[in-house]
Amino acid sequence: MTLNAQAKGPGASADSQGMTIVARTQGQMVRRRFFRHRAALAGMLVFGFVIVLAFSSIGFAGIPGWWDKSYLDTGSLVNQGRPTLSVVPGFLGGEGFRFGEHPFGQDDLGIDYFALTMRGAQQSLIVALIVGVVATTVGTVVGAVAGYFRKGAEAVLMRLTDVMITIPVLIIAAVVGQMTGKSGAVALGIFLGLVLWPTLGRLVRGEFLSLREKEFVEAARAAGTSAKRIIFRHILPNTVGVIIVAATLSVANAVLLESALSFLGFGIQPPDTSLGQLINRYRSAMTVRPWLFWWPGIFIIAIALSINFIGDGLRDAFDPRQTRVRA
Amino acid sequence: MIVFIARRLVISFFVLLAATVIMFVLTALSGDPLEDLRQDNSPNRAAKIADRTERMQLDDPIPVRYLSWLGNVVRGDLGVNRDGHDVAIILGDALSATLQLVVAATVMAIIIGIVIGIVSALRQYSGFDYTVTFAAFICFSLPLFWVAVMLKQYMAIEFNNWLKDPSIPPTVIGALALLGGLVFGALTAGDRKRRLLSFAVGFAVTAALFTLLSVTRWFADPGFGLPLILAISLAAAVGFTVLSAGLNPRGPLYAALGAAVLGALASEVLRSVLADPTWLEIIGLALVTVAVCAGLGYALGGLQRRQAITAAVLTGLFTGGVIFVDRMLQAFNGYSAAVRGRPISTIGARTPNFEGDFWQMNLDSASHLLLPSMALILISLATYTRYSRASMLEVMNQDYVRTARAKGLPERTVVVKHAFRNGLIPITTLMAVDFAGVIGGAVVTETVFGWEGMGKMFITALHDVDPTPVMAFFIVTGTAIVVFNMIADILYAYLDPRIRLS
């Protein structure tokens, strides 16, 4: 009786102080840690906003958007094509918040620059996301096979990554871009993804190498589980954090890579456009029409920075050793 | 060790061979090498096409072309590009231009990055640390070409305009002083009062400095003069001594101070030599400086002889560097007049047809190097900062650092000797790999700044769908990557005895 009361004592007092321990699943913990990471949260909001803005404003794939001008129509220059966007409120000496006729201004042919930038952002985002998906899928599959089965698959992967590592990323990407840039954003994304997967493949292989020796995998094998089931149900869920983080960061890199390629003339070809290509096209206009140069750059930075922050937040969230949230 | 190197070389050879196949095939397939001629309307179009077809062996299938290219390379012939120019000559020029551009920038980025990274690790979770982390994230997300064009606009065109009347407006001075104060304040450890104090000091010092520069119109006629040279080198002497030996006992400090004074005096004594020297003389002077300073350290060092020599030599070389910069700045006026008042240039490696004395020629290349180097430094700085911060944090939590503290060693010894040396090990690997990448040229930077380097050569060749220059480029960069990766592994094993090469 007394023993029972004693055993109950501390628990009861902790309960009254609101310190009950609630069981959380792995996913809940990851989510909690991620949402406590303020920079990552801000990055997520910005990234979401850019995606919604880019795809809803001028419409996508035949679906019309809410913005009435097209990125192809030339028009007459209003006020030398200066941007009409104003965000400084009236009491600070600005003109209050308004969009105006051409919020980002117009280029020298009178094309609405907001529509053009949105089109560029769409293309850049499509390329980057496809690169992320393709590189992650291929890298994960090859890495998993190489890490689990070893032998031939591993030798092939390691020699292939060795070869790919001797070729600088920008160089191989430029060659691929020259081949596929004319076929549009989707093709460019797929082919870039096909040459960018080895880093991720190596990473996944490393994870598999250590996990396949663990007891739970051995137990599964002893129970006669098939290789496919061990890979997908036992090992892969344990590597998901590493893969997601790497995939996120690869998307950020792909945004920068695509814009650099388009800038060098190896990416998306005119008449279609992308953020890097816009910068290249208007870089000589820097002195007379600086806004033509500013907007695409700001969008590239916004996209890359927000994805980098999301990646950082995810890394902290998936890392169980992480107790303190870094800024 | 030899077995390791030999095995690595053999494997690397086959890896490189496979990579050349991929590069050659992809380049050859990447477009139509005759495209510009097909749109050509000149009467001898057919002859031109036939000419190029023959030179590039376009009638042969790609594997045949690859094999014939490979055969030539084995015989030491890099071939000709599609216009018949010798690729080996183009490659030589491009390589020297690229090395000129990237070596200095990379070294600067490494030094600055490591210093910032270490400071932010030592001040973890301080305002400075958060700012550096945030700035590094921004640097990771910056498109290099965008930054480069911005630099051209604001650091060259606007800056040159401003140089015509170099007075700094009070608002700008205020902003700079605020920045200076914030840096000082964020770097200071301790309670709020101390931080506020150092903020005030930083603010005042920065404000005074820039007001002085503005009032004396320093930018119109820059230079240091003997007193300032002396002051800078004395400060450097104290700094190097603190880092290498500590201020007690005094031996190393006296050696370093002596080196600083001797250096400053030497700049006066050697006035006639320094009027228009050659590089050979400069190198000779540097060697003499090292010898004299080493002697000073040996004589005055006492028990801390080795540290004293280090401090004195570093101080001597630093003083020499300050004097060098001072001479170059003194040549500024003549140079500025020669280039019609637009000293910071945006294109190429040198002003065409410009002739001047040693200092003016150096100033010319320096002013051409300035902007591309800034762009390159900005981009690679972030990586070094993050890596050195992470590695330093890791090391500072190790048991041997706690032991060193527990023994009662001064914080300087703990940080410099126990933590810093071990923290550098992972960074050496990064450096070696980075240098390899650097030889491939800064493709984007070279394009923006019109620099005729490796990157430009590659871009032009790829646009022309011309495999020979692309492959020449790739042989150099690929070999560099393989070799430097191997050096990184060997260095790692040398620096960290726990790692064995196998």
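Just so you know, these numbers come straight off a predicted model, no measurement behind them.

Asker: I'm lost on the overall build of chain B in this one. Help?
Answerer: Looking only at helices and strands, one finds 21 helices and 0 strands in chain B. C-alpha extents for chain B along the principal axes are approximately 80 × 60 × 45 Å. Considering only residue pairs separated by 6 or more positions, chain B has 74% of its internal contacts joining residues 24 or more positions apart. Roughly 25000 Å² of accessible area belongs to chain B as shown, and the carbon and sulfur atoms make up 68% of that amount. Of the charged side chains in chain B, 37 are positive and 34 negative; the average position of the first set lies 14 Å away from that of the second.

Asker: Just to check I follow, could you spell out the overall build of chain A for this structure?
Answerer: The number of helices and strands found in chain A is 12 helices and 0 strands. Secondary structure elements of chain A, listed N to C terminal, follow the sequence α-α-α-α-α-α-α-α-α-α-α-α. Counting every position in chain A, which comprises 327 residues, the buried fraction comes to 49%. Accessible area for chain A stands at about 16000 Å²; split by element, carbon and sulfur atoms hold 64% of it.

Asker: Can you walk me through the interface of chain A and chain B in this structure?
Answerer: When the parts come together, some accessible area is lost, and that loss is often what is quoted as the size of the interface. Contacts between the two partners involve 39 residues from chain A and, on the opposite side, 40 residues from chain B. Taken over both partners, the interface formed by chain A and chain B buries close to 3800 Å², and the fraction arising from carbon and sulfur atoms is 79%. Counting the contacts that link chain A with chain B gives 0 salt bridges. Taken together, the links from chain A to chain B amount to 5 residue pairs in polar contact (both at pLDDT 80 or more). Ranked by the residues each element gives to the side of chain A that touches chain B, the list is headed by helix α12 (residues 290-318) of chain A, at 11 residues.

Asker: Just checking my understanding: could you explain a nonpolar patch on the surface for this structure?
Answerer: All names here are of chain B. Taken together, L99, V103, V107, M108, I111, I112 and V115 make up a surface patch of nonpolar side chains, about 530 Å² in accessible area. Tracing the backbone through its elements, the reader meets L99 in helix α5 (residues 87-122). A relative accessible area of 35% places L99 in the partly exposed class.

Asker: Any chance you could explain the packing of α5(B) against helix α21 (residues 467-495) of chain B here in plain terms?
Answerer: Relative placement of two packed helices is described by the angle separating their axes and the distance separating the axes. Residue and element names in this part refer to chain B. Taken N-terminus to C-terminus, the directions of α5 and α21 make an angle of 50°; their axes are 10 Å apart at the nearest point. In this view, α5 runs oblique relative to α21, as classed from their interaxial angle. Read as a crossing pair, α5 and α21 show a hand that is right-handed. Where α5 abuts α21, its residues V87, L91 and L95 lie against T468, P469, A472, F473 and V476. The class makeup of the residues in the contact of α5 with α21 is 7 nonpolar, 1 polar and no charged.

Asker: Explain the nonpolar core to me, please; I cannot follow it from the model alone.
Answerer: Soluble globular proteins tend to bury their nonpolar side chains together. Judged by nonpolar contacts, the single largest core of 113 residues is most densely connected at A:L192, B:F145 and B:F458. Counting residues in hydrophobic clusters, the runner-up holds 23 residues, among them B:I229, B:I323, B:A331 and B:V339.

Asker: Got a minute to help me understand the pattern of salt bridges in this structure?
Answerer: Note on pairing: side chains with opposite charge can pair once their charged atoms come close. All names here are of chain B. Under the counting rule described, the total for this entry stands at 8 salt bridges over all chains. With a closest N to O distance of 3.0 Å, R405 and E411 form a salt bridge. When its relative accessible area of 38% is taken as the criterion, R405 is described as partly exposed.

Asker: Explain helix α7 (residues 185-196) of chain A to me, please; I cannot follow it from the model alone.
Answerer: Along an α-helix, residues three or four positions apart point the same way, because every turn accommodates 3.6 residues. Residues and elements named next belong to chain A. Here α7 contains 12 residues, and its C-alpha end-to-end distance of 16 Å stays within 8% of the 16 Å for a straight helix at 1.5 Å per residue. Along α7, the positions that sit buried rather than exposed are A185, A187, L188, G189, L192, G193, V195 and L196. The elements touched by buried residues of α7 are α4 (113-149), α5 (151-166), α6 (169-180), α8 (198-211) and α10 (227-264).

Asker: Teacher, can you tell me more about helix α20 (residues 454-463) of chain B here?
Answerer: All names here are of chain B. With 7 of 10 residues buried, α20 is to be regarded as a mostly interior element. Along α20, the residues classified as buried are M454, G455, M457, F458, I459, A461 and L462. Once α20 finishes, V465 follows within two positions and takes phi at roughly 50°, a positive value.

Asker: Would you take a moment to explain the packing of aromatic side chains for this structure?
Answerer: To describe a pair of aromatic rings, you give the distance between the ring centres and the angle between the ring planes. What the rule picks out here adds up to 19 aromatic pairs over all chains. Arranged with centres 5.4 Å apart and planes meeting at 80°, the rings of B:F13 and B:F14 form a pair that is edge-to-face. Three or more aromatic residues joined by ring pairs form one cluster here, namely B:W279, B:F324, B:F358 and B:W359. One residue, A:R212, lies across the ring of A:Y148, its end atom 5.8 Å from the ring centre. Between the NZ or CZ atom of B:R305 and the centre of the ring of B:Y298, over which it lies, the distance is 4.3 Å.

Asker: Just to check I follow, could you spell out the packing of helix α9 (residues 215-222) of chain A against α10(A) for this structure?
Answerer: All names here are of chain A. Viewed as axis vectors pointing N to C, α9 and α10 meet at an angle of 170°, and their least axial separation amounts to 11 Å. In terms of their interaxial angle, α9 and α10 are classed as roughly antiparallel. Contacts from F216, V217, A220 and R221 in α9 reach I230, H234, I235 and N238 in α10. Here the contact of α9 with α10 is built from residues that sort into 5 nonpolar, 2 polar and 1 charged.

Asker: What am I meant to see in the side chain of B:H368 here?
Answerer: Tracing the backbone through its elements, the reader meets B:H368 in helix α16 (residues 358-396). Overall, the relative accessible area of 4% leaves B:H368 in the buried class.

Asker: Would you mind showing me how to read the confidence of the model for chain A here?
Answerer: Atomic detail in the predicted coordinates should be set aside for any region of low pLDDT. Residue and element names in this part refer to chain A. The predicted model of chain A averages 78 in pLDDT, with 80% of residues at 70 or higher. Looking over chain A, one finds the lowest element-wise mean pLDDT in helix α1 (residues 2-16), namely 47, and the highest in α9, namely 90. Between residues 1-12, whose pLDDT stays under 50, and residues either more than four places distant or in other chains, the model counts 0 contacts. Below a pLDDT of 50 lies the segment residues 323-327, which in the model reaches 13 contacts outside its immediate sequence neighbourhood of four places, other chains included.

Asker: Just to check I follow, could you spell out the environment of B:R405 for this structure?
Answerer: All names here are of chain B. Positionally, R405 belongs in helix α17 (residues 399-406). Taking the C-alpha atoms as reference points, R405 and V415, 10 residues apart in sequence, are found 9.8 Å from one another. R405 has contacts with M396, E411 and V414, leaving out every residue within four places of it along the chain. Within the structure, the side chain of R405 is placed 3.0 Å from the side chain of E411, a separation counted as a polar contact.

Asker: What exactly am I supposed to notice about unusual backbone geometry here?
Answerer: Leaving glycine out, the prevailing phi sign among residues is negative, and the prevailing peptide bond configuration is trans. Positive phi, close to 50°, is recorded for B:V465, a residue that is not glycine. Relative to the helices and strands, B:V465 is located in the loop between α20 and α21.

Asker: Help me out: how do you make sense of the environment of B:A256 in this one?
Answerer: Within the element layout of this structure, B:A256 appears in helix α11 (residues 251-269). Setting aside residues up to four positions removed in sequence, B:A256 forms contacts with B:A237, B:T241, B:A311, B:A312 and B:T315.

Cut-offs and rules
- Residues numbered from 1 in each chain as written.
- Chains lettered and ligands numbered in written order.
- Predicted model: local features only at pLDDT ≥ 70, side-chain atom pairs only at ≥ 80, totals over all residues.
- Heavy atoms only, no water.
- Helix = DSSP H or I, 4+ residues; strand = E, 2+ residues; numbered from the N terminus.
- Contact = heavy atoms within 4.5 Å.
- Areas by Shrake-Rupley, 256 points an atom, 1.4 Å probe, with all protein chains shown as cover.
- Lys, Arg positive; Asp, Glu negative; His and termini not counted.
- Charge placed at Lys NZ, Arg CZ, Asp CG, Glu CD.
- Buried < 20%, exposed > 50% of the residue type's maximum accessible area, 1.4 Å probe, protein only.
- Buried area = accessible area lost by both parts, 1.4 Å probe.
- Salt bridge = Lys/Arg side-chain N within 4 Å of Asp/Glu carboxyl O.
- Polar contact = N/O pair within 3.5 Å; in protein donor to acceptor, adjacent residues only side chain to side chain.
- Patch = residues over 30% accessible without salt bridge, like charges linked within 9 Å, V, L, I, M, F, W, Y side chains within 5 Å.
- Axes fitted to C-alpha atoms, helices over the stretch in contact; angles between N-to-C directions.
- Parallel < 35°, antiparallel > 145°, perpendicular 65-115°, else oblique.
- Left-handed = near helix turned anticlockwise from the far one by under 90°.
- Nonpolar A, V, L, I, M, F, W, Y, C, P; charged D, E, K, R; others polar.
- Core = buried A, V, L, I, M, F, W, Y, C linked by side-chain atoms within 4.5 Å.
- Expected span 1.5 Å × (residues − 1).
- Phe/Tyr/Trp six-rings, centres within 6.5 Å; stacked < 30°, edge-to-face > 60°.
- Lys NZ or Arg CZ within 6 Å of the ring centre and 35° of its normal.
- pLDDT = per-residue confidence, 0-100.

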